[in-house]
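In case you want the letters, here they are:
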Amino acid sequence: MFSTIDDVVQQFTGQKYICSRSIATVVYLASKMGKPILVEGPAGVGKTELAKVVSRCLGHELIRLQCYEGLDEAKALYEWEYGKQLLYTQILKDKIGEVLAGTGTLHEAIERISAQDGVFFSERFILPRPLLKAITSEQPVVLLVDEIDKSDNEFEAFLLEILSDFQVSVPELGTIVARHIPLVVLTSNNSREVSDALKRRCLHLFIDYPSQAHELEIIKLKVPEVADALAADVVAVVQSVRKLDLKKAPSISETLDWARALALLNVESLGEELVNDTLTTIFKYEGDVRKAQTELRDFAARQKARARTEGQPDPADKDVLH
Amino acid sequence: MEARILEFAALLRRHGVRISPAESLDSLSALQGTGLPSRAIVKDVLRATMIKRAADLPTFEEIFDLYFSALGDAIRDSTEQAAEAVGGSLADYQKLLEQLEELLKRRQEEQGNELSEIARALLRHDDGTLERRIREATESARAGPGQRGKQEGQLGHALGEQLRLGEIVRELEGLSDQLEDLGADGATAAKLRELIKRRLADLADLIKRAARLETTRENPQPRDATGLETLAEKSFYYLTEDEIRKMKEAVTRLAQRLKHVVSIKRARAKRGTFDLQRTLRHNTQFGGIPFDVQFDRRKKNRPQIVVLCDVSDSVRNVSRFMLQFVYSLQDLYSKVRSFIFVSDMGEVTKLFEEHEINQAIDLSLRGDVINVFAHSDFGRAFKSFHRDHLAAINRRTTVIVLGDARNNYNLAHEWVLRDVQRKAKQVIWLNPENKTTWGFGDSEMDRYMAFCDVVEECRNLNQLYRVVDRLVLS
């Protein structure tokens, strides 16, 4: 359990997740109030990671439910294991014979069998899917419902019941009430608007691209092998590129990928030719890459100019002399 | 505190943010959970519990800042800015302030009269006094007769009078002129003059903010809470810039709604008839007992769409929204190709692939693709479509033509439409003109109508929505 909001920030930093205070506040509230968190924001800003980090901090198991179009109760909640049931009836044929031994009428036999039918529709034959798992777990868990916007409206409505009461009813077994209220994190990329009813039950958190200082901190923490100066340049370029009109703006995960790639290639400054070839790690569209190349060239030129005014020898010039 | 939070929630509601009672209760219990929080944390808590749509965030920020003693913060901010502007570090600034203090003391000794309280507070950065005086003035302005419903400007004026702004300005300007006489050297005097000028500007700014806070409290401006309905019935011809912006949002929302409806209907339609073969094969794992019955999956029959949009001045708005609609729903179709025309025909499909919807629309309407300032010539445009793009149409294509058919008495070339209709699944003509005017003057609607499967009047958002709705489900 988190004791204060600052505690959240500290524990998160311990898990290598830099978060702003507003994120910490929401996480703290959610753990205190037992309310689900609905996280929205562009792809790759660490929405899913948030749930993982929370689970690590609390030492709770993370149960993940990935949503997609056509996800239904059978895949999200539970399913009966028909195959196993069949197999058991086959194996237990003799035993069933024994149970039925001595019954005179058909009516009597049915009575006898129905007295036993609980055996086949018991928890032994139920196949728990993520939601049921989260509810029946002995230990408190963190439940991540990823990309809720990808699921159908029906599923969302069904989720409502679980999120408000933390119980599910299985017709054959009755109502199962959660032993612990799981900490639920729902993420959404906003590909469609999530219904108001669901939103009302959640704490809402909007994660945007991080500020420059913030992003630099994240890179230094996650990719320590990258030199400080290069990291600063990478962040500066990414931040300015985000302002361009791109089909898919690079988010933190892409920045990290790029930094890692540059570190692997032993790149020292963004002016190098090699850098152009690594742009594909942060841009996913051809058009975007082209736009970014221009931006990068400008950046390198600006830097060169700055280096010259500060009187430092430019590494590129030195190469020419040799 | 509770009353204040609830009042804040009510204020947000009046500004068009939807907050349910459950949510305001949540925010109260959340605040209790945080103990004695700072202002920033209160903000985070309220944002998380009350604001559920990213679109409402700006409203929230604005109202929160206004409602929760933004005045104190603003005063602190202005101090920092002043320090920055007058030059150098805070330490330098502090020194400057001390020098000023000495000058003021000397002035008092020489002239015997002191500066007024507010002027002193202003120069000494006595934030507490400033805030108190401005609040008092606001309160008396609120209590005064006939102050309700005042405009921001008027109220600001009233506040200025209450605070005797005129006198303060005279006082400080006087001081500004006397600096050298009081013994300040040239450089310091210049700096001090700058400081005084800045502080006066700050005071004016603070008064303005106080006035704005007061007027926002009194007269909320609901943001399009009920506006959608009236907007939906409004003719496209008479939209203002602002309404176009709102309309864009409305179209996005309608498109979203339509998508939901369609996804439900499709999901229901997914189950087809009983499939014996697959059921047998699938259930061999259960010993041939049909536990898991298999159905025919119906093939998704997604329509292809070709849109021909007239973008001449008279129908540009309709075309804009039609394009926005079609592209918002793009994933419901297997293929969308769009053309715009006035007297030439130009394809804009690629623009929509490379740009965000609204931007693509702006680009296509700006005249980069075709000359949008020419006179409408449907015949010519159709003929060039026939020549260049007829291959785009096959028997699965729905062709939508959007235009008023006002042809400036040029040749109609309706045979193009006949050919198109023969190849396509259906041809739909949407006309943004009132039905009663079709066929009059230079309208060629009657000729074209003969080769269309559906002809619809499409003058406002509701009509457009109905058309698109039918289109998706057909």
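The structure under discussion appears in the preceding block.
Residues numbered from 1 in each chain as written. Chains lettered and ligands numbered in written order. Predicted model: local features only at pLDDT ≥ 70, side-chain atom pairs only at ≥ 80, totals over all residues.

**Student:** I tried to follow the overall build of chain B on my own but got confused; where do I start?
**Tutor:** The secondary structure content of chain B amounts to 21 helices and eight strands. Counting only residues that meet the buried cut, chain B has 34% of its 474 residues in that class. A separation of at least 24 residues holds for 72% of the contacts in chain B among residues at least 6 apart in sequence. (Helix = DSSP H or I, 4+ residues; strand = E, 2+ residues; numbered from the N terminus. Buried ≥ 20, exposed ≤ 12 C-beta atoms within 10 Å, placed from the backbone. Contact = placed C-beta atoms within 7 Å.)

**Student:** How do you make sense of the sheet that holds strand β8 (residues 183-188) of chain A when you look at a structure like this?
**Tutor:** Strands in a sheet are paired, the pairing made by backbone hydrogen bonds, and the direction either parallel or antiparallel. All names here are of chain A. Spatially, β2-β5-β8-β1-β9 is the arrangement adopted by the five strands of the open sheet, whose pairing is parallel. The sheet terminates laterally at β2 (61-66) and β9 (203-206), the two strands that pair on one side only. With strand direction ignored, the average angle separating the axes of adjacent strands in the sheet is 20°. Here strand β1 (residues 37-40) runs beside β9; their pairing, made up of four bridges, is parallel. Pairing of V39 across the sheet is with L205, part of β9. (Pairing = 2+ DSSP bridges. Axes fitted to C-alpha atoms, helices over the stretch in contact; angles between N-to-C directions.)

**Student:** Looking at this model, I keep getting lost on the packing of helix α1 (residues 2-14) of chain B against helix α2 (residues 21-33) of chain B. Mind explaining?
**Tutor:** How two helices sit against one another is set out by the angle between their axes and by the gap between those axes. All names here are of chain B. α2 packs onto α1 with a crossing angle of 145° between their chain directions and a minimal axis gap of 10 Å. Between α1 and α2 lies a crossing of right-handed hand. Residues E2, I5, L6 and A9 of α1 form the contact with α2, whose participating residues are S24, S27, L28 and L31. Residues that form the contact of α1 with α2 fall into these classes: five nonpolar, two polar and one charged. (Left-handed = near helix turned anticlockwise from the far one by under 90°. Nonpolar A, V, L, I, M, F, W, Y, C, P; charged D, E, K, R; others polar.)

**Student:** What is the right way to read the sheet that holds strand β3 (residues 304-310) of chain B from this model?
**Tutor:** Residue and element names in this part refer to chain B. A sheet is described by the order of its strands in space; here six strands give the open sequence β5-β4-β3-β6-β7-β8, paired in mixed fashion. With one partner strand each, in any of the chains shown, β5 (345-347) and β8 (454-457) form the two edges of the open sheet. Ignoring strand direction, the axes of neighbouring strands in this sheet form an average angle of 20°.

**Student:** Please explain the interface of chain A and chain B as it appears in this structure.
**Tutor:** Where the parts come together, the accessible area they lose is often given as the size of the interface. Contacts between chain A and chain B engage 23 residues on the former and 28 residues on the latter. Of all elements in the fold, only α2 (21-33), α5 (82-91), α10 (196-200) and β9 of chain A reach the threshold of two or more residues within the side of chain A that touches chain B. Broken down by element, the residue count for the side of chain A that touches chain B peaks at seven residues, all from α2(A). Looking at the side of chain A that touches chain B residue by residue, the class counts come to nine nonpolar, six polar and eight charged.

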